[in-house]
Every structure is written in C-alpha cells, then in structure tokens.
Amino acid sequence: MFLKNFLTVILLFLIIGCSSYKIKNIYFKSETIKLNAKIDSIDSTEHYYVYYISNDTLKAYFSKPKLCSNSFKTSLELNKTYSLKVKTDANTTYRFKINMGDDLYVEDRFFESDEPRLILDDCFNICGNTINIDQ
C-alpha cells in the first residue's frame, strides 16, 4: 500500500514537473549610450576608419566612413579620453558574449585584436578624424 502511494506521488510529480512550458520570446534591442573611452588606435581601409577604444571596463571597436557629411572642429588624438555617444547592437553583443569576440569585417578585410573587443555599430560624435566634444 505504501509503495503504491509512493509510486503514485512520484508519477504525479513527474507529470507536473515535465509538463510543457511556453518558451519566452527574446527581443534584441539596440541602444545609444554615452561613455568615456580612450582612442587606442585608428586603422583604415580605402574608404573607412576603424577606431579601437577602451576604458576600465570595456574594449571595443567600430568603423566610420572616411568621407562624411559634417566635419567637427576638434581633431582626434590617440590615447586621449573622450566622451563618446555610441550605438550598440544587442545581436552583435550577444554574439560577442557567446563567442568572446568576433572580428570586425570592413571592406573585404577582417580587423582583429589581441584581446576580445565588443563591436559597436556607430559613434555619433566622431566623423573622419574629427570629434564633436560639445555633445
């Protein structure tokens, strides 16, 4: 009798515990953030610059066209810290966290780093080799 009740309780727990559940939808979101970061280096292709930036908690890179519609007054200096307004892409960030860094692909060329870097979509206050420090 005890064994029958015990097996009934175990079976009931298995049915409840293994019942189907709804998988939650995951929505990837992009956002614009402000951060203070140092321009580590600038690389280039024929039509793009690739900017490597870092701060205490972040290492990242992004690309921008060399020719842009507006040029700012201040020239970029390497190893100087600027307040940057950057756009992140959640899908790219997710891939970065899963793979610990993807290479940045710009104009038929892969850019890589010795250390994993987050790939950013854009930086709104950099244009060519100039920066808008008033933002």
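A. Just the overall build of the chain, in detail. Check the secondary structure of the chain and you find 2 helices and 11 strands. In sequence order, the chain lays out its α and β elements as α-β-β-β-β-β-α-β-β-β-β-β-β. Counting across all 135 residues of the chain, residues that qualify as buried make up 33%. When contacts within the chain are restricted to residue pairs at least 6 apart in sequence, long-range pairs at least 24 apart make up 69% of them. When the accessible surface of the chain is totalled, it reaches about 9800 Å², and 54% of it is carbon and sulfur.

B. Highlighting the sheet that holds strand 4 (residues 74-75). Taken together, 3 strands build an open sheet; the order of strands is 4-11-10 and the sheet is antiparallel. Each of the sheet's edge strands pairs with one partner strand only, and the pair in question is strand 4 and strand 10 (126-127). Both strand 4 and strand 11 (residues 130-131) contribute to a ladder of 2 bridges, which runs antiparallel. Its bridge partner lying in strand 11, serine 75 is registered against threonine 130.

C. Fine view of the nonpolar core. Formed by 18 residues in total, the largest nonpolar core has its most connected members in Ile53, Phe62, Leu76, Leu84, Leu120 and Ile126. The residues touching leucine 84, leaving out its near neighbours within four places in the chain, are Ile33, Lys34, Leu35, Ala37, Ile53, Cys123, Asn125, Ile126 and Ile131.

D. Quick peek at the side chain of lysine 64. Mapped onto the fold, lysine 64 is located in strand 3 (residues 59-65). A distance of 2.9 Å separates the side chain of lysine 64 from the side chain of aspartate 122, its partner in a polar contact. Reaching out from lysine 64, the side chain makes a polar contact with the backbone oxygen of cysteine 123 at a distance of 2.9 Å.

E. Expanded view of the sheet that holds strand 2 (residues 48-54). Spatially, the 6 strands line up as an open sheet ordered 8-3-2-1-5-9, and their pairing is mixed. The two strands at the open ends of the sheet, each matched to only one other strand, are strand 8 (118-119) and strand 9 (122-123).

F. Inspection of unusual backbone geometry at higher detail. We note that asparagine 79 has phi near 60 degrees; this positive angle belongs to a residue other than glycine. With respect to the helices, strands and loops of the structure, asparagine 79 is situated in the loop between strand 4 and strand 5 (81-88).

G. Broad picture of the pairing of strand 2. A large share of strand 2 lies buried, amounting to 6 of its 7 residues. Pairing geometry for strand 1 (residues 31-44) and strand 2, over 6 bridges, is antiparallel. Residue pairing for strand 2: serine 41 is matched across the bridge by tyrosine 52. With antiparallel pairing between neighbouring strands as the criterion, strand 1 and strand 2 make up a hairpin whose turn holds 3 residues.

Definitions and cut-offs
Residues numbered from 1 in each chain as written. Predicted model: local features only at pLDDT ≥ 70, side-chain atom pairs only at ≥ 80, totals over all residues. Heavy atoms only, no water. Helix = DSSP H or I, 4+ residues; strand = E, 2+ residues; numbered from the N terminus. Buried < 20%, exposed > 50% of the residue type's maximum accessible area, 1.4 Å probe, protein only. Contact = heavy atoms within 4.5 Å. Areas by Shrake-Rupley, 256 points an atom, 1.4 Å probe, with all protein chains shown as cover. Pairing = 2+ DSSP bridges. Core = buried A, V, L, I, M, F, W, Y, C linked by side-chain atoms within 4.5 Å. Polar contact = N/O pair within 3.5 Å; in protein donor to acceptor, adjacent residues only side chain to side chain.

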